[in-house]
Structure formats: C-alpha cells, structure tokens
Amino acid sequence: MGFEARDHGYRLPGATALVLDSHLAPWRGWMARSRCLDADCPPNRLIAVGDILAARGDVTLLGMAEGLRCHACGAKAGSVSLVLRSPAGEIVQPLRGRAALFGHRA
Ligand SMILES: [Zn+2]
C-alpha cells in the first residue's frame, strides 16, 4: 500500500496522503498558512480558502500546496497547513513539510 514507496520523502503516509488527494471546497471557511523552509523568511500571511477557491477553483489540497510560494523569496512553500480560527483557539491541519512543527520552532 505504498504511499511511502511511491513518493518517498514527499508524501506522508496514511491519512495525510488521503487528505492531500481530497478537494479544497470542504475546507471553505478555513485559512491556508504557508512558508518556505528558509528560517530567515517570515511566514506568509494567512490566505482564506474561499479566496483560493475563487481564484483557482476546487483544486486538491496537494494542488493548492503546490501553488503557494514564499512572499519574501519566491521559493515554493515547503510547509503548508490549514488553520481554522475559533474563539477557543486555532485548529491546525498540517498538509506538508514542517507544518506539524508550527508553534514549536521559529
Ligand atoms: Zn522564503
């Protein structure tokens, strides 16, 4: 069942790979957070998923992640997550890269 074998080092195994193949529309109301992997660059501003849907249509989550670039240096975003802001705090769904480490490292 080889997500890892097929795309070693790129896709994450299991549920996250399934998330990446799913479409963006159900995430309307969330925000996309991204940044490159250069520690000197600031994170990009949050982008509303609704704005991405309006600009690019109902792409897959992977397609969305591929289209995001660092606003500072122009590199492809290496770290992408979806964020839902609520009064109780942020709910974060990491999609790729070091997104899982947001909040733990600068
Ligand atoms: Zn950058």
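What you see is a predicted model; the values in this text were computed from it and never measured.

### Overview of the pairing of strand β1 (residues 31-35)
Next up, step 1: The buried fraction of β1 is high, at four of five residues.
Next up, step 2: Summarising the sheet, β1 and strand β2 (residues 47-48) pair through two bridges and their orientation is antiparallel. The residue bridging A32 from the neighbouring strand is I47, located in β2.
Next up, step 3: Where β1 lies against strand β3 (residues 79-86), five bridges are found, and the strand directions are antiparallel. Across the sheet, R35 pairs through a bridge with S79, a residue of β3.

### With respect to the nonpolar core
Next up, step 1: Counting 17 residues, the largest nonpolar core has A32, M64 and A65 as its most contacted members.
Next up, step 2: Going through the elements one at a time, α3 (49-56), α4 (61-67) and β3 are the ones with two or more residues in this core.
Next up, step 3: In terms of residue count, α4 provides more of this core than any other element does, three residues in total.
Next up, step 4: Contacts of A65, omitting those with residues within four sequence positions, involve A77, V80, L95 and R96.

About the thresholds
The written sequence of each chain sets the order in which its residues are numbered from 1. In keeping with the model being predicted, local features are shown solely for residues with a pLDDT of at least 70 and side-chain atom pairs are shown and tallied solely at 80 or more, while totals for entire chains, interfaces and linings include all residues. The exposure scheme places C-beta atoms from the backbone and then counts, for each residue, the other C-beta atoms within 10 Å of its own, assigning buried at 20 or more, exposed at 12 or fewer, and partly exposed in between. Helix and strand assignments come from DSSP, with helices taken as H or I runs of at least 4 residues and strands as E runs of at least 2, each series counted from the N terminus. The pairing criterion for strands is at least two bridges between them, as found by DSSP. The term nonpolar core refers to a set of buried Ala, Val, Leu, Ile, Met, Phe, Trp, Tyr and Cys residues connected through C-beta atoms within 7 Å. Any two residues are considered in contact once their C-beta atoms, placed from the backbone, lie within 7 Å.

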